[in-house]
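Results of the structural survey
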Amino acid sequence: WYPHPTTLSSYLWGTILALKLKSPLALEEYEKFYIGGQIKKIRRKTGMKQLELAQKLKTSQSVIARIENGKQNLTLKALTVIAHALGKKLLVKFY
């Protein structure tokens, strides 16, 4: 049994899916996507276009698209710089 994705938060859904698959790799891939999705959500809330964020970060729009789609690996330093460009602070939690 799988609950419908819209009934759960995206992170919880990804965690359940990874546990069902019993694959740490699946969770790792989902978390990359989840981080990119959060960047996209925050960028949109601020009314910023991908190109505007790219210009702030001195990179290309295609790099921002890859980040938002979970196709780009990011360091903590890169995440901190992105957060700052979006007017946010980065918080890392261990569970």
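1. Points about the overall build of the protein chain
- Scanning the protein chain from N- to C-terminus turns up five helices and zero strands.
- Sequence separation of at least 24 residues holds for 41% of the intrachain contacts in the protein chain that already meet a minimum separation of 6.
- Entry remark: accessible area of the protein chain is about 7200 Å², with carbon and sulfur atoms responsible for 61%.

2. Side note on helix H4 (residues 61-68)
- Of all the residues in H4, the buried ones are Val-63, Ile-64, Ala-65, Ile-67 and Glu-68.
- Just downstream of H4, Gly-70 is the residue with a positive phi angle, here 70 degrees.

3. Observations regarding the nonpolar core
- Formed by Ile-39, Met-48, Leu-53, Ala-54, Val-63, Ile-64, Ile-67, Leu-79, Ile-82, Ala-85 and Leu-86, the largest nonpolar core amounts to 11 residues.
- Setting aside residues no more than four positions away along its own chain, Ile-39 makes contact with Leu-53, Ile-67, Glu-68, Leu-74, Leu-79, Ile-82 and Leu-86.

4. Details of unusual backbone geometry
- Phi is positive for Lys-58, close to 55 degrees, though the residue is something other than glycine.
- With respect to the helices and strands, the residue Lys-58 is situated in the loop between helix H3 (50-57) and H4.

Rules and cut-offs
Residues numbered from 1 in each chain as written. Predicted model: local features only at pLDDT ≥ 70, side-chain atom pairs only at ≥ 80, totals over all residues. Heavy atoms only, no water. Helix = DSSP H or I, 4+ residues; strand = E, 2+ residues; numbered from the N terminus. Contact = heavy atoms within 4.5 Å. Areas by Shrake-Rupley, 256 points an atom, 1.4 Å probe, with all protein chains shown as cover. Buried < 20%, exposed > 50% of the residue type's maximum accessible area, 1.4 Å probe, protein only. Core = buried A, V, L, I, M, F, W, Y, C linked by side-chain atoms within 4.5 Å.

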